[in-house]
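Listed below, chain by chain, are the residues.
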Amino acid sequence: TPLQTFWPWVVAAVGFVEFKSSVPTFKDPVEGSWAMKDDHVPGDLGFDPLGLKPKDAAGLKSMATKEINNGRLAMLAIAGMVG
């Protein structure tokens, strides 16, 4: 069926993106196994084409808190639709 050829490509594409975004966040294995780089900021992939990321630490914390709350609301919404 067509899906038997579709899903391996989807898995490969997602795996490639995950590999390219997660591997550079770790230190060299000689320095420490599974240790994160000191300058790594979780969630900061360096992609902000519209310049929406706040410049100051307080604004960034406020934006991160809003994103977390939106994610929690979305989880509750989908639980209400499914359950």
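Up top is the structure.
From a predicted model like this one, the values you see are computed outputs, not experimental measurements.

1. Regarding the overall build of the protein chain
Stage number 1. What the protein chain contains, in helices and strands, is two helices and zero strands.
Stage number 2. Over its C-alpha atoms, taken along the principal directions, the protein chain stretches across nearly 50 × 45 × 25 Å.
Stage number 3. In the protein chain, which comprises 83 residues, the proportion classed as buried is 4%.
Stage number 4. Put simply, the protein chain shows about 7500 Å² of open surface, and 69% of that area lies on carbon and sulfur atoms.

2. Concerning the packing of aromatic side chains
Stage number 1. Inspection of every chain in the model, using the stated rule, returns two aromatic pairs.
Stage number 2. A centroid spacing of 5.0 Å and a plane angle of 70 degrees characterise the contact between F6 and W7, whose relative ring orientation is edge-to-face.
Stage number 3. Using a relative accessible area of 46% as the deciding quantity, one classes W7 as partly exposed.
Stage number 4. With centroids separated by 5.5 Å and ring planes inclined at 90 degrees, the aromatic side chains of F26 and W34 adopt a geometry described as edge-to-face.
Stage number 5. Classification of F26 as partly exposed rests on a relative accessible area of 27%.

3. A look at a nonpolar patch on the surface
Stage number 1. Residues M75, I78, M81 and V82 make up a contiguous nonpolar surface patch of about 470 Å² in total accessible area.
Stage number 2. Summarising the element assignment, M81 is placed in helix 2 (residues 57-82).

Definitions and limits used
Residues numbered from 1 in each chain as written. Predicted model: local features only at pLDDT ≥ 70, side-chain atom pairs only at ≥ 80, totals over all residues. Heavy atoms only, no water. Helix = DSSP H or I, 4+ residues; strand = E, 2+ residues; numbered from the N terminus. Buried < 20%, exposed > 50% of the residue type's maximum accessible area, 1.4 Å probe, protein only. Areas by Shrake-Rupley, 256 points an atom, 1.4 Å probe, with all protein chains shown as cover. Phe/Tyr/Trp six-rings, centres within 6.5 Å; stacked < 30°, edge-to-face > 60°. Patch = residues over 30% accessible without salt bridge, like charges linked within 9 Å, V, L, I, M, F, W, Y side chains within 5 Å. Salt bridge = Lys/Arg side-chain N within 4 Å of Asp/Glu carboxyl O.

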